[in-house]
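In case you want the letters, here they are:
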Amino acid sequence: MEQYIWLIPLIPFIGFLINGLGRNVLSKSLVTFIGSGAVLVSFILSIMVFIAVPSGADAQPLIFKAFDIINIPTLQVPFAFQIDALTSLFLLIITGVGFLIHVYSSAYMSEDKGFAKFFSYLNLFIFFMLILVMGNNFVMMFIGWEGVGLCSFLLIGFWFTNPEYIKAAKKAFIMNRIGDVGFLLAMFWIFKEFGTLEYVKVFNQLAIDPSAFTGFVLTGITLLLFLAATGKSAQLPLFTWLPDAMAGPTPVSALIHAATMVTAGIFMITRCNELFSAAPITLQVIQYIGIATAFITATIAMRQNDIKKVLAYSTVSQLGLMFAAIGSGAYIAAVFHVMTHAFFKALLFLGAGSVIHGMHHEQDMRKMGGLKKYMKITHITFLIGCMAIAGIPGLSGFFSKDEMLLGMFISNPVVYGIGFIVSVMTVFYMFRLYAMTFLGDLRSKDAHPHESPAAMTIPLIILAVLSVIAGYVGIPALFMEDGHKLQTFLSGVVAIGEVHHISHSTEWLMMGALLIGVLGAIYFAIKKYTNYVDGEATGVAKFFEDKWYIDELYDNAIVKPLFELGDVLKKYVEKAGIAAFVLGVGTVSGRASKNVRQLQNGNVGFYIMLMVCGIVAGIVIFFMGYLISK
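Residues numbered from 1 in each chain as written. Predicted model: local features only at pLDDT ≥ 70, side-chain atom pairs only at ≥ 80, totals over all residues. Heavy atoms only, no water.

Looking up the chain in an unreviewed UniProt entry gives the name NADH dehydrogenase subunit L, with the organism given as Empedobacter brevis NBRC 14943 = ATCC 43319.

Below, the structure written as structure tokens:
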């Protein structure tokens, strides 16, 4: 494995360099071949790693070291990869979904002037995401963490001639930096307490002598790490950047804001599950913030009319459910949903991109309708995505969502109740989107919708198949003993812990109740929104449509006061203080030099006189000093 493990991140980085440096000379077909081919090779290598990686409860991670990033007596930080079951799973998701999105982008972005630059950014993002999940220490993770944040900024603001898109990119960058401060502080604290930043050494110390670390220390470290996760994975209070990030091209939304980058927080907490499990207060905070985020964003999604905005708020809501599951101790259920969500949410985003492409860049669902007649492949695959996220039995979302809700039920029935409501709301707003877009009659008379080219529809078909079959790696014991292969695979990374036995009758009751809610929500959404568009919102509906006024709250409480403070500092500190002082120094120097230069008048006799005066002054000073010393 060692001979090719380094190639997994290296090849996309080489693709970034070639397409980036040759963006003005390479043809689009060559750019596509290099960009997509680089990720395809990494995907093939990731499959080889997945096959060879040790798994199971007794599996030990494989460490591959290249060189030292930092090597001083008190701190050693190697550039090294840690390959275990969790890493190998995320490698498949990142490179597999990433390759499909690269292929899709070759058609979606074909008319864009920045085609090669776009592919180079995508390759760079894949490189940093791979570094994030493959590193064997917190510094390596932080390098990848910052790298994907940079690429997110570049891709959200890719169409930089639009000021609103630039604003969205800056918002994403700044809000992510807030979380990144938490990551940095957590790293400093970990090094202070453990003397190392390597995962294995940190977790081994915690396992050998957990009493050596106080609850305050573990709670503080994990809360700071969770702060980082709230930024990257868009949780309260740092979630508002992700819906605005829909300003980027649709393939960016699918890759970064559905399948990979926003799941980095889930990966980080699962990687550090030993630390978080030792901090029950933090887990409770994660649980409450996760379920609150899921509920708030689900209510907002129900009233959005931009097809990508609905999917964006859906992503935040699904991430909230994952965090609520993690807070309940169901780490594997959260990772399971990361995997299934990557497939069906990438499918939904790319399906939305196909609709936008077929509707000539129209994103308002109120101007759509009846598209199933014109876009048959997009319609069928999008419907499969909707059914998967709804949790229809037999599709992937059914298995992973059921497992997350079961974890919440065991931990906290109140959180489970909210999660149940969120799951039903998810079905409603997704089938509202489906009905407004594909059913009924075409509402825009000027539109001439058409099916997308094969380069866009083939990735949709593959993702649709994965959205159906992916759940069968985690069949619950209710249906099959030892059917949860993913749990067995990850058991060496995440300890299963105490098994809570829930009666089969209780599980059947929970599944049945959710299925009734799901089918009811589907029926209501399709019946109401086929050939129907919501009127002007009032009351609670307007509150949801205006996104709980959270952006306005941030603007009035944080952004505007900071700008006003900046104006005061600019006027009274910078201009009246600093600038006046600097200009004053320049003015004094100028006037002094103007007077002093009069001494340089070109008269040799005057120079001799000054020389004599200087000699006399020196002699006088010398003798005065001599007399004083006596």
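Back to the write-up after that little detour.
**Student:** Tell me about the overall build of the chain, and please be specific about residues and values.
**Tutor:** Looking only at helices and strands, one finds 25 helices and two strands in the chain. Taking the principal axes of its C-alpha atoms as reference, the chain extends roughly 110 × 65 × 55 Å. Sorting the 630 residues of the chain into buried and exposed places 54% on the buried side. Carbon and sulfur atoms make up 69% of the accessible area of the chain, which amounts to about 26900 Å² in all. Counting 39 positive and 36 negative side-chain charges, the chain places the averaged centre of each group 12 Å from the other. (Helix = DSSP H or I, 4+ residues; strand = E, 2+ residues; numbered from the N terminus. Buried < 20%, exposed > 50% of the residue type's maximum accessible area, 1.4 Å probe, protein only. Areas by Shrake-Rupley, 256 points an atom, 1.4 Å probe, with all protein chains shown as cover. Lys, Arg positive; Asp, Glu negative; His and termini not counted. Charge placed at Lys NZ, Arg CZ, Asp CG, Glu CD.)

**Student:** So what's going on with the domain arrangement of the chain? Which residues, and what values?
**Tutor:** A common way to report how large an interface is uses the accessible area buried once the components associate. Domains assigned within the chain are domain 1 (2-535), domain 2 (538-599) and domain 3 (604-629). Placing the centre of domain 1 and that of domain 2 at their C-alpha centroids yields a distance of 39 Å. Across the contact, twelve residues belong to domain 1 and eight residues belong to domain 2. The interface formed by domain 1 and domain 2 contains two salt bridges. For the salt bridge of Asp551 with Lys171, the shortest nitrogen-to-oxygen distance reads 2.7 Å. (Domains from an automatic or database assignment. Contact = heavy atoms within 4.5 Å. Salt bridge = Lys/Arg side-chain N within 4 Å of Asp/Glu carboxyl O.)

**Student:** Report on the packing of aromatic side chains, specifying residues and quantitative values.
**Tutor:** Taken as a whole and assessed by the stated rule, the structure comprises 39 aromatic pairs. Ring-pair connections join several aromatic residues into one group, and the members of that group are Phe115, Phe118, Phe119, Tyr121 and Phe158. Sitting over the face of the ring of Phe173, Arg177 holds its NZ or CZ atom 4.2 Å from the ring centroid. (Phe/Tyr/Trp six-rings, centres within 6.5 Å; stacked < 30°, edge-to-face > 60°. Lys NZ or Arg CZ within 6 Å of the ring centre and 35° of its normal.)

**Student:** So what about the environment of Ile469? Which residues, and what values?
**Tutor:** Looking at the secondary structure, you find Ile469 in helix 20 (residues 454-469). Sequence separation between Ile469 and Ser396 is 73 residues; the distance between their C-alpha atoms is 6.1 Å.

**Student:** Mind laying out the pattern of salt bridges, listing which residues take part and the relevant values?
**Tutor:** Within this structure, the stated rule accounts for 13 salt bridges. When the shortest N-O distance is used, the salt bridge between Lys192 and Glu193 registers 3.4 Å. Judged by its relative accessible area of 24%, Glu193 falls in the partly exposed class. If you follow the salt bridges from partner to partner, you end up with Glu146, Arg177 and Asp180 in one network.

**Student:** Please provide a residue-by-residue account of the UniProt feature "domain: NADH-Ubiquinone oxidoreductase (complex I) chain 5 N-terminal" (unreviewed entry) in the chain, values included.
**Tutor:** Per the UniProt record, the feature "domain: NADH-Ubiquinone oxidoreductase (complex I) chain 5 N-terminal" (unreviewed entry) sits at residues 70-119. Along residues 70-119 one finds 58% helix and 24% strand; the C-alpha atoms at either end are 32 Å apart. (UniProt positions renumbered as here; feature names shortened; annotations may be inferred.)

**Student:** Outline the pairing of strand 1 (residues 62-72), listing residues and values.
**Tutor:** Note on strand geometry: in a regular strand, side chains alternate between the two faces of the sheet. Bridge analysis of strand 1 against strand 2 (residues 75-83) gives nine bridges, and the strand direction is antiparallel. Bridged to Ile63 within strand 2 is Gln82. Count of turn residues in the strand 1/strand 2 antiparallel hairpin: two residues. (Pairing = 2+ DSSP bridges.)

**Student:** Would you mind going over the nonpolar core in detail, with residue names and values included?
**Tutor:** In terms of nonpolar packing, the biggest core is built from 208 residues, with Phe125, Val133, Met134, Phe138, Trp241, Ile269 and Met408 touching the most fellow members. By residue number, the principal contributor to this core is helix 16 (residues 331-358), which donates 19 residues. Discounting residues that sit within four places of it in the chain, Phe138 has contacts with Phe183, Met187, Ile190, Leu197, Tyr199, Val202 and Cys272. (Core = buried A, V, L, I, M, F, W, Y, C linked by side-chain atoms within 4.5 Å.)

**Student:** Give a detailed account of the environment of Phe64, specifying residues and quantitative values.
**Tutor:** Tracing the chain through its elements places Phe64 in strand 1. Sequence separation of Phe64 and Pro78 is 14 residues, and the distance between their C-alpha atoms is 9.7 Å.

**Student:** Report on unusual backbone geometry, specifying residues and quantitative values.
**Tutor:** Of the consecutive residues Leu236 and Pro237, the connecting peptide bond is found in the cis state with omega at 5 degrees. Within the secondary structure, Pro237 is located in the loop between helix 9 (215-232) and helix 10 (241-244). Of note, the phi angle at Asn531 is positive, near 60 degrees, even though the residue is not glycine. Relative to the helices and strands, Asn531 is located in the loop between helix 22 (504-529) and helix 23 (539-545). One non-glycine residue, Tyr549, adopts positive backbone phi at about 55 degrees. Within the secondary structure, Tyr549 sits in the loop between helix 23 and helix 24 (550-596).

**Student:** Summarise the packing of helix 6 (residues 138-156) against helix 9; cite the residues concerned and give the values.
**Tutor:** Following both chains from N to C, one finds helix 6 and helix 9 inclined at 25 degrees, their axes separated by 12 Å at the closest point. As far as their axial angle goes, helix 9 and helix 6 are roughly parallel. Crossing geometry of helix 6 relative to helix 9 is assigned as left-handed. On the side of helix 6, the interface is formed by Trp145, Val148 and Gly149, while helix 9 contributes Ala228, Ala229 and Lys232. Classifying every residue of the contact of helix 6 with helix 9 by side-chain character gives four nonpolar, one polar and one charged. (Axes fitted to C-alpha atoms, helices over the stretch in contact; angles between N-to-C directions. Parallel < 35°, antiparallel > 145°, perpendicular 65-115°, else oblique. Left-handed = near helix turned anticlockwise from the far one by under 90°. Nonpolar A, V, L, I, M, F, W, Y, C, P; charged D, E, K, R; others polar.)

**Student:** Lay out the environment of Asn24 in plain terms, naming residues and giving numbers.
**Tutor:** Position of Asn24 relative to the elements: it lies in the loop between helix 2 (7-21) and helix 3 (28-52). Classification of Asn24 as exposed rests on a relative accessible area of 70%. C-alpha of Asn24 to C-alpha of Phe115: the two residues are 91 residues apart in sequence and 9.9 Å apart in space.

**Student:** Any chance you could break down the side chain of Lys401 for me, citing the residues and the numbers?
**Tutor:** Tracing the chain through its elements places Lys401 in helix 18 (residues 396-411). Buried and without a salt bridge, Lys401 has Asp402 as its closest oppositely charged side chain, separated by 11 Å. Discounting residues that sit within four places of it in the chain, Lys401 has contacts with Gln318, His337, Ile389, Ala390, Ser423 and Thr426.

**Student:** Which residues make up the packing of helix 4 (residues 85-108) against helix 12 (residues 264-271), and what values do they have?
**Tutor:** Between two packed helices, the angle of one axis relative to the other and the distance separating the axes together describe the packing. Remark: helix 4 packs on helix 12, axes separated minimally by 11 Å, with the N-to-C direction vectors making an angle of 170 degrees. As the angle between them shows, helix 4 and helix 12 are arranged roughly antiparallel. When the axes of helix 4 and helix 12 are compared, the crossing they make is right-handed. Judged by residue contacts, Leu86, Thr87 and Phe90 of helix 4 engage Phe267, Thr270 and Arg271 from helix 12. When the residues that make up the contact of helix 4 with helix 12 are grouped by side-chain class, the tally is three nonpolar, two polar and one charged.

**Student:** Help me get a handle on helix 16, residues and values and all.
**Tutor:** The terminal C-alpha atoms of helix 16, which comprises 28 residues, lie 40 Å apart, in line with the 40 Å expected from a rise of 1.5 Å per residue. The buried count for helix 16 comes to 27 of 28 residues, which makes it a mostly enclosed element. Just downstream of helix 16, His360 is the residue with a positive phi angle, here 60 degrees. (Expected span 1.5 Å × (residues − 1).)

**Student:** Lay out helix 7 (residues 163-194) with the relevant residues and their values.
**Tutor:** In a regular helix each residue adds 1.5 Å, so 32 residues correspond to 46 Å; helix 7 covers 46 Å between its end C-alpha atoms and thus fits that length. Maximum bend of helix 7: about 25 degrees, positioned at Ile178. At the N-terminal end of helix 7, a side-chain oxygen is found 2.9 Å from the backbone nitrogen of Glu164, two or three residues along, and the residue is Asn162. Two residues or fewer past helix 7, Gly195 is found with a positive phi of approximately 75 degrees. (Bend = angle between axes of the 7 residues up to and from the residue. Polar contact = N/O pair within 3.5 Å; in protein donor to acceptor, adjacent residues only side chain to side chain.)

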